[in-house]
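Listed below are the residues making up each chain.
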Amino acid sequence: MPQPYDMPLEQLQQYKPAATAAVDFDDFWEDTLQELHTVPLIYERHEISYPVKSMKVYQVFFKGFNNAQIEAVLAMPITDTPLPGIIEFHGYNWVSDRDTHDVVNLALKGYAVMRMFCRGQYAGSIDNVISSNGHVAGWMTKGIQNKYEYYYRAVYMDAVRAIDILAAMPEVDASHIAVTGGSQGGAITLAAAALSSVPIVAVADHPYLSHFERAIDTTPNGPYYELNEYFRRYSGRPDLEENAKKTLSYFDMMNLAPRITCYTWITIGLIDDITPPSTVFAAYNHLQCKKDIAVYRYYGHDQVPASIPVRLQIFMDYLQTT
């Protein structure tokens, strides 16, 4: 049956556009990590009431990039045995009452699970990076004219710090930690795996923020369209578009992919018009680590029920090794 959107599957499997990383790409990220390391590893957690037995649930606050306050929710079984850990990242502007149910549900499988809330996208996570240029609605163009001010620079560093925070908790086995998320959370999952040596497995559903050039040209829906709206407003300033795309190249999953060393499992639906399959395969085909991709012909930008037992098996195989 023909593929109704984007490219045929056979073409997607071979689709590997040239990387767009600038010559200072790795230096940029090493300098950014060094800047993160100047922020003290500080967190606090407060137990919150939740109707579940043999489980502790906490509201967590920690210092993220630029000393910003970042909020998370944490759930862990009550046990004397060190727990494997999972860091979760949420979708774009999509947090509902701390997503506590989902966090607890995964923790019941035997993990310490912490979900980080992206700065500015939830009340307790503060975006304190000031951008020197204006932007349209949403986060995609905040700071887009300066790679040091771009919104996702701080978010990616917050994710690295979240991994360090969970690994530092006394109940957690720091040698068995995974990262996971969907859409924006899938992109942050890959970025965290690229920029931290701690995770031993990454599970990303329809990851976002990849192959921006293709996304700008083909995506009719979702946050990518914020970029098109930005360029439309500045249609008489091609220099702004050119510089914005250069900034985006530093945050493109396609360019970060070669830095990932842990096992990586990605899912994508072939009728996804928010994170087009070609943008996801562009990142996947640049991965040099052990990897797999699950393709779902009849699904779009949603979690596939059939993928759930697969991901749970992956977590078991990599995190529950004893």
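Up top is the structure these notes are about.
None of the values given here were measured: they were computed from a predicted structure. Sequence positions are assigned chain by chain, starting from 1 and proceeding in written order. Reporting in this predicted model follows two pLDDT cut-offs: at least 70 for local features of residues, and 80 or more for side-chain atom pairs to be given and counted; totals over whole chains, interfaces and linings ignore these cut-offs and use all residues. Think of the side-chain values as coming from all heavy atoms in the structure, minus any hydrogens and water.

Trainee: Whenever I open this one, the packing of helix α4 (residues 151–168) against helix α5 (residues 184–195) confuses me. Can you help?
Mentor: The relative placement of two packed helices is expressed as an angle between their axes plus a distance between the axes. Whenever a helix is involved, its axis is fitted only over the stretch in contact; in every case the axis is a line through C-alpha atoms, and angles between N-to-C directions fall within 0 to 180 degrees. Only DSSP runs of H or I covering at least 4 residues are called helices, and only runs of E covering at least 2 are called strands; the numbering of each starts at the N terminus. Here α4 crosses α5 at 65°, and the two axes come no closer than 9 Å. Taken as axis vectors, α4 and α5 run roughly perpendicular relative to one another. The element α4 and its partner α5 pack so that their crossing is right-handed. Residues Tyr152, Val155, Tyr156, Met157, Ala159, Val160 and Ile163 of α4 touch α5, and the partners they reach there are Gln184, Ile188, Ala191, Ala192 and Leu195. Residue polarity follows a fixed list, in which Ala, Val, Leu, Ile, Met, Phe, Trp, Tyr, Cys and Pro are nonpolar, Asp, Glu, Lys and Arg are charged, and the others, Gly among them, are polar. Split into classes, the residues belonging to the contact of α4 with α5 amount to 11 nonpolar, 1 polar and no charged. These descriptions rest on fixed angle ranges, namely under 35 degrees for roughly parallel, over 145 for roughly antiparallel, 65 to 115 for roughly perpendicular, and the rest for oblique. Definitions for this section: a left-handed crossing has its near helix turned counterclockwise from the far helix by less than a right angle. A right-handed crossing has that turn clockwise. By definition, residues are in contact when any of their heavy atoms lie within 4.5 Å.

Trainee: Where do I start with the packing of helix α2 (residues 25–37) against α4 in this structure?
Mentor: In contact at an axis separation of 10 Å, α2 and α4 are set at 60° when each is read in the N-to-C sense. Put simply, α2 runs oblique to α4. Note that α2 runs across α4; the crossing there is right-handed. Here Phe28, Trp29, Thr32, Leu33, Glu35, Leu36 and His37 of α2 come into contact with α4, specifically with Arg153, Tyr156, Met157, Val160 and Arg161. In the contact of α2 with α4, the residues fall into 7 nonpolar, 2 polar and 3 charged.

Trainee: I keep staring at the sheet that holds strand β4 (residues 83–89) and nothing clicks. Help me out?
Mentor: Within a beta sheet, neighbouring strands are joined by backbone hydrogen bonds and run either parallel or antiparallel to one another. Read across the open sheet, the 9 strands follow the order β1-β2-β3-β5-β4-β6-β7-β8-β9; overall the sheet is mixed. The open sheet is flanked by β1 (43–47) and β9 (291–296), the only strands paired with a single partner. Neighbouring strand axes in the sheet, compared pairwise and without regard to direction, differ in orientation by 20° on average. At least two DSSP bridges between two strands are needed for those strands to be called paired. In this structure, β4 lies alongside strand β6 (residues 172–182), joined through 6 bridges in parallel fashion. Counterpart to Leu83 in the pairing with β6 is Val172. Across the face of the sheet, α4 comes into contact with β1, β2 (55–63), β3 (69–77), β4, β5 (112–116) and β6 while running at roughly 155° to β5. Packing of α5 onto the sheet brings it into contact with β4, β6, β7 (201–205) and β8 (263–269), and relative to β6 it is tilted by some 140°.

Trainee: For this particular structure, what's the right way to read the nonpolar core?
Mentor: In a soluble, globular protein the nonpolar side chains are often hidden away together inside. In plain words, nonpolar cores are sets of buried Ala, Val, Leu, Ile, Met, Phe, Trp, Tyr and Cys residues tied together by side-chain atoms within 4.5 Å. Only protein chains enter the calculation, and the probe is 1.4 Å; a residue is then buried if its accessible area is under 20% of its type maximum, exposed if over 50%, and partly exposed in between. Grouped together as the largest cluster of nonpolar side chains are 87 residues, with contacts concentrated most on Met114, Met140, Tyr152 and Tyr156. In terms of residue count, α4 provides more of this core than any other element does, 13 residues in total. Not counting chain neighbours up to four residues away, the residues in contact with Tyr156 comprise Trp29, Ala191, Leu195, Leu209, Phe251, Met253 and Leu256. In this structure, Val103, Val104, Val201 and Phe315 belong to the second largest nonpolar core, which totals 25 residues.

Trainee: Explanation requested: helix α3 (residues 100–107) in the structure shown.
Mentor: A turn of α-helix holds 3.6 residues, and therefore any two residues three or four places apart point the same way. Among all positions in α3, only Thr100, Val103, Val104, Leu106 and Ala107 are buried. Summarising the axial view, the buried residues of α3 lie within an arc of 165°, below the 170-degree limit, and thus occupy one face. In the core, the buried residues of α3 are packed alongside β2, β3, β4, β5 and α11 (307–319). Directions pointing from the helix axis toward each C-beta atom define the arc.

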